[in-house]
Amino acid sequence: MSNKTIGVLFVCLGNICRSPTAHGVFEHLVEQRGLSHLFHIDSAGTSAWHEGAAPDSRSTAQAKKRGYALDHLCARQVTSHDFKRYDYILAMDNENLANLQRIQPVNSPAELSLFLHYSQQSKYDEVPDPYSGGASGFTLVLDLIEQTCEALLETLLSENNMNKPSSQ
Ligand code: 4NP
């Protein structure tokens, strides 16, 4: 069996609301399925504004209500190394995606896309920035992320030929 792992990096602007939520939810799902050995998962921001900070307490509280822990996460900015280390770099909105495309090194194999590209709903193509809004924005972020992570996992396993039973 190959030792290759799939690198998944979730990216938003501040790395304190949307991308740490996606990081925590996807990590939880992968753990639940017993697939942690197949993935390396992280999150980062296109800005360094909150470097070193814990996730926003509103995101942590929403996530905790649904059984996800975000307390172990710490904000950081995307680096050029991320474009080598991660196979999939998933942006929460079009501005994040454009900023990532602008700094992606020419020889980087990382696949950049919108996180909601993997979603089965069609109402939203971006995860709206909840930072300056009310509680409903944080609920929407978590709803969209929860709805998408399952499909994301299935797609990544399939694209990487990892969706077969390990006995084969
Ligand atoms: P995030 O949300 O990109 O989902 O982490 C934001 C966090 C902080 C700011 C904007 C968006 N900010 O302006 O500081």
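Parameters at a glance
Residues numbered from 1 in each chain as written. Predicted model: local features only at pLDDT ≥ 70, side-chain atom pairs only at ≥ 80, totals over all residues. Heavy atoms only, no water. Helix = DSSP H or I, 4+ residues; strand = E, 2+ residues; numbered from the N terminus. Rg over C-alpha atoms; globule rule 2.2 N^0.38 Å. Buried < 20%, exposed > 50% of the residue type's maximum accessible area, 1.4 Å probe, protein only. Contact = heavy atoms within 4.5 Å. Areas by Shrake-Rupley, 256 points an atom, 1.4 Å probe, with all protein chains shown as cover. Lys, Arg positive; Asp, Glu negative; His and termini not counted. Charge placed at Lys NZ, Arg CZ, Asp CG, Glu CD. Near = heavy atom within 4 Å. Polar contact = N/O pair within 3.5 Å; in protein donor to acceptor, adjacent residues only side chain to side chain. Phe/Tyr/Trp six-rings, centres within 6.5 Å; stacked < 30°, edge-to-face > 60°.

Student: Quick rundown of the overall build of the chain? Include the residues and the values.
Tutor: Check the secondary structure of the chain and you find 5 helices and 4 strands. Helices and strands in the chain line up, N terminus first, as β-α-β-α-α-β-α-β-α. A compact globule built from 168 residues would reach a C-alpha radius of gyration of about 15 Å, and the chain, at 15 Å, matches this within 12%. Taking the principal axes of the C-alpha coordinates as reference, the chain spans close to 50 × 40 × 30 Å. Looking at the chain as a whole, 49% of its 168 residues are labelled buried. Pairs at least 24 apart in sequence give 73% of the contacts found in the chain among residues at least 6 apart. With an accessible surface of roughly 8500 Å², the chain has 49% of that area assigned to carbon and sulfur atoms. Distance between charge centres in the chain, computed from 13 positive and 19 negative side chains, equals 2 Å.

Student: Describe the site of the ligand, and please don't skip the residues or the numbers.
Tutor: Around the ligand, a shell composed of Cys12, Leu13, Gly14, Asn15, Ile16, Cys17, Arg18, Trp49, His50, Asp129 and Tyr131 is seen. Within the contact set of the ligand, an oxygen atom lies 3.0 Å away from a backbone nitrogen or oxygen of Ile16. For the ligand, an oxygen atom lies 2.8 Å from a polar atom in the side chain of His50.

Student: I'd love a proper account of the packing of aromatic side chains, names of residues and values included.
Tutor: Scanning the entire structure with this criterion turns up 3 aromatic pairs. Judged by centre distance (5.8 Å) and plane angle (75°), the rings of Phe10 and Phe115 are edge-to-face. Of this pair, Phe10 sits in strand S1 (residues 6-12) while Phe115 is found in the loop between strand S4 (111-114) and helix H5 (135-159), placing the two residues 105 residues apart along the sequence. There is no split in this pair, since Phe10 and Phe115 are both buried. With a centroid separation of 5.6 Å and an interplanar angle of 90°, the aromatic rings of Phe26 and Phe39 are classed as edge-to-face. Taken together, the residues Phe26 in helix H1 (residues 18-32) and Phe39 in strand S2 (residues 39-45) connect sequence positions 13 residues apart.

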